[in-house]
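Residues per chain are reported as follows:
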Amino acid sequence: MATGTEPPATEPHPRRTGVRTGTRAAIAAPHLRTDRWWLAPAATAAGLLAFVVYSTWRAFANADYYAAPYVSPFYSPCLAENCETMRAGPNWELFGGWWGISPAIIILVFPLGFRLTCYYYRKAYYRGFWAAPPACAVAEPHRKYSGETRFPLILQNVHRYFFYAALLVAGVLTYDTVLAFRDEHYAWGHMGLGTLVFLVNIALIWLYTISCHSCRHIVGGKLKHFSKHPVRYRMWQWVSRLNARHMQLAWASLVSVAVADFYVYLLASGAFDDPRFF
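A brief look at the structure comes next. (Residues numbered from 1 in each chain as written. Predicted model: local features only at pLDDT ≥ 70, side-chain atom pairs only at ≥ 80, totals over all residues. Heavy atoms only, no water.)

**Some details on the pattern of salt bridges**
For the structure shown, the criterion picks out five salt bridges. The shortest N-O distance in the salt bridge between Arg-276 and Glu-184 comes to 3.7 Å. Placement of the pair is Arg-276 in the segment after helix 8 (246-268) and Glu-184 in the loop between helix 4 (159-179) and helix 5 (193-210), with a sequence separation of 92 residues. For Arg-276, a relative accessible area of 31% puts it in the partly exposed group. Between Arg-276 and Asp-274 there is a salt bridge whose closest N-O contact spans 3.6 Å. (Salt bridge = Lys/Arg side-chain N within 4 Å of Asp/Glu carboxyl O. Helix = DSSP H or I, 4+ residues; strand = E, 2+ residues; numbered from the N terminus. Buried < 20%, exposed > 50% of the residue type's maximum accessible area, 1.4 Å probe, protein only.)

Below, the structure is given as structure tokens:
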């Protein structure tokens, strides 16, 4: 019986690239969307590219990342001997003196890996950079799609392990935020504009981290009866509500960590003085 999806007899061979296969509706047009569907992937690609360019510059700069009492989140914790001395700060010289390039390269691998394998970011850069697919109901330009079953995309499965590392990094950044309640002479009981910047940044980082799909699974996964685990059920509900805002939190925390780093850069380079509230 005809279903209305068979290619017409006059059409020799429909294109079989992307989603235009024999199991799909035989629509000759690339898509039927009339809205500006390309704006979202273009904006996503532009935003991610801007962050990549900025973070690469700052990571390899190896300068202007500490202005007492603030340390850039790109360089914390500092794990090499070539770090600037930060009084009571996260100076852990685990890599010794043989590490000659920027110490930011050591630590950035973990938050970068967490975001790179994040479910939302995967969707974002797959669409923005690879056009796989560029938007809903728009065919991708590739001949075939193997999903995340082959190298290198199969490595996306390590996301939950990067989640554990991200928890440790968020803990260190929380410690840095506590240290931000000092003045430039390391006296406690002070708060500057930088302290507020750090507070907003760490709040967004924690919200983004615990709204992760892996966190949601860890909290409520493998439970057959929620009624027998009321505490975990409440936690799962809370994480689920955050998970619904995972995209917004991903972008907000990405911007906030760049702003926190840039604020420290302005202070360390002498371009700006930290205003003090008390």
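**Re helix 1 (residues 39-61)**
Count 3.6 residues to each turn of an α-helix, and residues three or four apart come out pointing the same way. Helix length check: helix 1 (23 residues) gives 33 Å between terminal C-alpha atoms against 33 Å at 1.5 Å per residue, within 8%. Turning to helix 1, its buried residues are Pro-41, Thr-44, Ala-45, Leu-48, Phe-51, Tyr-54, Ser-55, Arg-58 and Ala-59. Residues of helix 1 that are buried make contact with helix 2 (104-116), helix 3 (119-130) and helix 8. Positive phi shows up at Asn-62, right after helix 1, with a value of about 55°. (Expected span 1.5 Å × (residues − 1). Contact = heavy atoms within 4.5 Å.)

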